Amino acid sequence: MNSTQTQPAPRGRYVPPRFRLAAHESILGIILVVVLIALGFLTDRFLTVDNLLNQARLMAEVSLLALPMTYVIITGGIDLSVGSMVGLSAILLGYSWHNWGFPLGLSIVFALAVGTLAGFANGWFITRIRVPPLIMTIATMALYRGFAEGISQAHSVRGYPDWFYIVGQGDALGVPTQLWIVLVAIIVFAVVLKRTVYGRALYAMGFNEIATRFSGLSVDRIKLLAYTASGLMSGLAAFIFVSRVSTTRSDMGMGMELDAIAAVVLGGTSIFGGTGSIGGTVLGLVLIQLLKNGLALTGVKGDATIMVIGSVLILSIVITNFAQRERYADR
Amino acid sequence: MKLALTALALATTLAVGNAWAAGRWDGADDLAVNPLPCGNEAAPAPAAMAYDGGMATNAPDKVGKPITLVDVPKLIGIGYFNATSKGIHDAAAELGNVKVTTDGPTEAKIDEQVKFIDNYLTRGVDGVLFASNDPVAIAPELRKALSRGIHVVGYDANAEPNAREWFVNQAQFNGIAKAMIDSLVKEVGADKSFGIVTSTFTTPNQARWIAEMSAYAAKCYPKLKWLETVEAQEDNILSFNQASTLINKYGDQLSGLFGMTSVATPASAEAVTQAKQCGKIAVIGLATPNAMKPYVKADCVKSVVLWNPVDLGYAATYVMRAIVDGKLKPGATSVEAGKLGKLQVINGSEVLLGAPFIYTKDNINNFDF
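Residues numbered from 1 in each chain as written. Chains lettered and ligands numbered in written order. Predicted model: local features only at pLDDT ≥ 70, side-chain atom pairs only at ≥ 80, totals over all residues.

Caption draft 1: Spotlight on the overall build of chain B. Counting its secondary structure elements, chain B contains 10 helices and 14 strands. Dimensions of chain B along its principal axes, counting C-alpha atoms only, are 70 × 60 × 35 Å. Evaluated residue by residue, chain B yields a buried proportion of 54% over its 369 residues. (Helix = DSSP H or I, 4+ residues; strand = E, 2+ residues; numbered from the N terminus. Buried ≥ 20, exposed ≤ 12 C-beta atoms within 10 Å, placed from the backbone.)

Below you can see the structure in the form of structure tokens.
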């Protein structure tokens, strides 16, 4: 006798993940527009091309870090060591040029390689040795920072040739140079996420890693690639940072990991994995940066600005949760 | 097998990394040093140098008119920069036609400081007063300010000379070094050992002082042994921990601790008090009087070498006003600074506040900052 218990009908409408995210992004977009209008109203220096381009220049490094961070968080992991990887790459850029006599072009490539290797080490330990990402990246956060400080002996390297500063301080076609790099990165990361098997696999891993593994997808290789990409982008961000401030310091990048994660989470990526998009991350980045800038321009002091950013983070997540309203009974 | 190989690789990396990293960290910078004569000999008059500061291009003419300034210290929320800020605002109130805002990051990070300055440049100010976290990293931002006709004056911690117009130097670097080392020797003797607690090894003023201190000690007290310099990043708890670590590590060998920041010195004094080494370990450093009053009263700290940070901020505002009014031009040899009188110009584009001021039990109660 078939006494199959049927599942109780889910309460409310079932909203598939992609729509959930689209709703979040739309709400975020609306909040962004509201903020833009309000700040533009309060100060006339805010909505100028000069100011907006300048802000794009200042947020280039965190943007580059937030892109692979989206991938990593979608898989349900996290990478807290990006700030330290930036510091290590930056120090080795200067050190290899100054102390080992590398030609500067080679030093830049070396810095990128160091970042990639650092990310690869993260990924290797997480996939092969099965260290949880949170613990691994907390450990490497300290380890890489220690390497940076030990190798550099806290000496700064300065005095780069003029062409080196074009990336960080120059313009190309009227737009800050690093903005072009960031735009290319955004397009690449977005296309890979939405249009390739790799991107779909990331989502699958975030939802249910075991099922993904049994579906024949190479989960380890996918994760490894994500963390390596995180390292590579850290190296690139380090290069842009050094070019922008014309010096290397062993404390570079401290705190950048939290900025990147805040932007990613604000953009709708669930910290538990499975949902997220590059578009949302970009919206999150823009919102936070413009808020910081706009508030400072209206005269709000530094400490109050931090409070406002925190409140906006909480508010936008509450609003999006409230507006979507669907609750899946056993999710 | 895999695990063993991994462990071996990790251990090797750590060992190599540590061996590579080991080595004396002295916290000094690489610029030239110029130690003063030992003892009480008078210092030779410094040679006059050509002006090497930057210039604001096409600055609007605001002679006698009200101006708006922004003051961006290394960080806000510590006693020292509260004091400089007070001096800046006092001078602004006295002058009557200067409006100043003090704003800055809550941590001594150069990236944050650059962002703050950048926002104020966009807002539109007539002048920027700064105390930099890194002399080179802040330079591109300051040059941007100069290119927009905004005046730039530094105090406490310098930037590259051509990124600012003038720099108000609290005391000659070698003068501070001499005062610090002489105070230590007076208290414990010339053949003892000491440690240093500083902010970071790249902070410009601390690095200069340490460089001068080691040069002066090597010249005048060759038997004075310098054990170690530790970083404490203007953080209270870290300073205390680092000082305690030094005390525990060197035990009886340690006779003196230098605190190079206004956060490190009270923390070091606290560490010495809690380790019950008052009187056995001398604590000398720069700090605001209020922070040191309990330790000076308890006779744990005999002298605090400093200058008056309120006067420093005061002088900075007056220098800025003098630039805007056209009274301070490149090549000048002195500048009028209100109640401080005439201040000398040294090193081309620096304004000297005066000789270091020593706070002791007798006079520390006269100050409240």
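Read on, since the account is not over.
Caption draft 2: Structural context of the overall build of chain A. Each helix and strand in chain A was counted, giving 14 helices and 2 strands. The C-alpha radius of gyration of chain A comes to 21 Å, within 12% of the 20 Å expected for a compact globule of 331 residues. Along the three orthogonal principal directions, the C-alpha set of chain A runs to about 85 × 55 × 35 Å. Sequence-distant contacts in chain A: of pairs separated by 6 or more residues, those separated by 24 or more amount to 79%. (Rg over C-alpha atoms; globule rule 2.2 N^0.38 Å. Contact = placed C-beta atoms within 7 Å.)

Caption draft 3: Fine view of helix α2 (residues 79-95) of chain B. Residue and element names in this part refer to chain B. Look at α2: 24 Å from first C-alpha to last across 17 residues, which is about the 24 Å you get at 1.5 Å a residue. Turning to α2, the residues buried within the fold contact β1 (67-72), β2 (98-102), β3 (127-130), β4 (151-155) and α10 (309-324). Downstream of α2 by one or two residues, Gly96 has phi in the positive range, about 85°. (Expected span 1.5 Å × (residues − 1).)

Caption draft 4: Focus on the domain arrangement of chain B. All names here are of chain B. Domain parsing of chain B yields domain 1 (67-170 + 309-354) and domain 2 (173-306). Summarising the inter-unit geometry, the C-alpha centres of domain 1 and domain 2 are found 28 Å apart. Counting residues per element, the side of domain 1 that touches domain 2 draws most heavily on α2, at 3 residues. For the side of domain 1 that touches domain 2, the residue count by class is 8 nonpolar, 4 polar and 2 charged. (Domains from an automatic or database assignment. Nonpolar A, V, L, I, M, F, W, Y, C, P; charged D, E, K, R; others polar.)

Caption draft 5: Region of the structure containing the sheet that holds strand β13 (residues 350-352) of chain B. Residue and element names in this part refer to chain B. Here we have 8 strands laid out as an open sheet, ordered β2-β1-β3-β4-β5-β13-β12-β11, and mixed in their pairing. Two strands lie at the open edges of the sheet, namely β2 and β11 (334-336), each paired on one side alone. Geometrically, the sheet is characterised by an average inter-axis angle of 25° between neighbouring strands, direction not taken into account. Packed onto the sheet, α2 meets β1, β2, β3 and β4 and runs at close to 165° relative to β2. Contacting β1 and β3, helix α3 (residues 110-123) runs over the sheet at an angle of about 170° to β1. (Pairing = 2+ DSSP bridges. Axes fitted to C-alpha atoms, helices over the stretch in contact; angles between N-to-C directions.)

Caption draft 6: View of the interface of chain A and chain B. Each side of the interface is counted separately: chain A has 25 residues, and chain B has 28 residues. Counting residues per element, the ones that place at least two in the side of chain A that touches chain B are α2 (49-58), α6 (133-152), α13 (278-298) and α14 (302-324) of chain A. In terms of residue class, the side of chain A that touches chain B is made up of 9 nonpolar, 10 polar and 6 charged.

Caption draft 7: Spotlight on unusual backbone geometry. All names here are of chain B. If you check the backbone angles, Gln233 has positive phi at about 50° while not being a glycine. Relative to the helices and strands, Gln233 resides in the loop between β7 (225-231) and α7 (236-250). According to the C-beta neighbour criterion, Gln233 is partly exposed, with 19 such atoms within 10 Å. Its identity as a non-glycine residue notwithstanding, Asp299 has a phi of 65°, on the positive side. For Asp299, the location among the structural elements is in the loop between α9 (289-297) and β10 (303-306).

Caption draft 8: Seen up close, the sheet that holds strand β6 (residues 193-198) of chain B. Residues and elements named next belong to chain B. Read across the open sheet, the 4 strands follow the order β7-β6-β8-β9; overall the sheet is parallel. Of all strands in the sheet, those bounded by a partner on one side alone are β7 and β9 (282-285). Between one strand and the next, the sheet's axes are offset by a mean angle of 20°, whatever the strand orientation. Sheet topology note: the strand β8 (residues 254-259)/β9 ladder contains 4 bridges and is parallel. Within β9, the residue paired with Leu257 across the bridge is Val283. Each of β6, β8 and β9 touches helix α8 (residues 264-274); the most contacted strand, β9, lies at about 175° to it.

Caption draft 9: Summary view of the nonpolar core. Core analysis: the biggest nonpolar cluster contains 203 residues, and Val128(B), Val168(B), Ala315(B) and Val319(B) have the highest contact counts within it. Beyond its immediate sequence surroundings of up to four residues, Val168(B) is in contact with Val153(B), Tyr155(B), Leu312(B), Ala315(B), Ala316(B), Val319(B), Val351(B) and Leu353(B). (Core = buried A, V, L, I, M, F, W, Y, C linked by C-beta atoms within 7 Å.)

Caption draft 10: Representation of the pairing of β8(B). Residues and elements named next belong to chain B. With 6 of its 6 residues buried, β8 lies for the most part within the structure. Here β6 runs beside β8; their pairing, made up of 5 bridges, is parallel. Looking at β8, one finds that Val197 is bridged to Gly259. Handedness of the crossover joining β8 and β9 through α8: right-handed. (Right-handed = clockwise from strand over helix to strand, strands pointing away.)

Caption draft 11: Spotlight on the environment of Pro289(B). All names here are of chain B. Here Pro289 lies in helix α9. Taking the C-alpha atoms as reference points, Pro289 and Leu306, separated by 17 residues in sequence, lie 9.3 Å from one another. Every residue in contact with Pro289, bar those within four places of it in the chain, is listed here: Tyr359, Ile364, Phe367 and Phe369.

Caption draft 12: Just the environment of Pro60(B), in detail. Residue and element names in this part refer to chain B. With respect to the helices and strands, the residue Pro60 is situated in the loop between α1 (2-21) and β1. Exposure remark for Pro60: the 11 C-beta atoms within 10 Å place this residue in the exposed category. For the pair Pro60 and Gly149, spaced 89 residues apart in the sequence, the C-alpha separation amounts to 6.9 Å.

Caption draft 13: Representation of the packing of helix α3 (residues 60-74) of chain A against helix α12 (residues 256-266) of chain A within the structure. Residues and elements named next belong to chain A. For the pair α3 and α12, interaxial distance at closest approach is 8 Å and the crossing angle is 60°. As far as their axial angle goes, α12 and α3 are oblique. Of the two elements, α3 crosses α12, and the hand of that crossing is right-handed. Judged by residue contacts, Glu61, Val62, Leu65, Ala66, Met69, Thr70 and Ile73 of α3 engage Met256, Asp259, Ala260, Ile261, Ala263 and Val264 from α12. A breakdown of the residues in the contact of α3 with α12 according to their chemical character gives 10 nonpolar, 1 polar and 2 charged. (Parallel < 35°, antiparallel > 145°, perpendicular 65-115°, else oblique. Left-handed = near helix turned anticlockwise from the far one by under 90°.)

Caption draft 14: Structural detail: the environment of Glu234(B). All names here are of chain B. Tracing the sequence through the fold places Glu234 in the loop between β7 and α7. Along the sequence, Glu234 and Ile150 sit 84 residues apart, while their C-alpha atoms lie 30 Å from each other. Contacts of Glu234, omitting those with residues within four sequence positions, involve Leu75, Ile78, Ala108, Ser199, Thr261 and Val263.

Caption draft 15: Highlighting the confidence of the model for chain A. Residue and element names in this part refer to chain A. Looking at chain A, the pLDDT average stands at 87 and 90% of residues meet or exceed 70. The element-level mean pLDDT for chain A is lowest in α14, coming to 78, with α3 highest at 96. Ignoring residues within four places in sequence, the model shows residues 327-331, a span with pLDDT below 50, making 7 contacts including any to other chains. (pLDDT = per-residue confidence, 0-100.)

Caption draft 16: How the structure looks around the packing of helix α4 (residues 82-98) of chain A against helix α5 (residues 104-127) of chain A. Residues and elements named next belong to chain A. Following both chains from N to C, one finds α4 and α5 inclined at 150°, their axes separated by 8 Å at the closest point. Classified by the interaxial angle, the pair formed by α4 and α5 is roughly antiparallel. Crossing of α4 over α5 shows right-handed handedness. Note on element contacts: α5 touches α4 through Leu104, Ser107, Ile108, Phe110, Ala111, Val114, Gly115, Ala118 and Gly119, opposite Met85, Leu88, Ser89, Leu92, Leu93, Ser96 and Trp97. Grouping the constituent residues of the contact of α4 with α5 by class yields 11 nonpolar, 5 polar and no charged.

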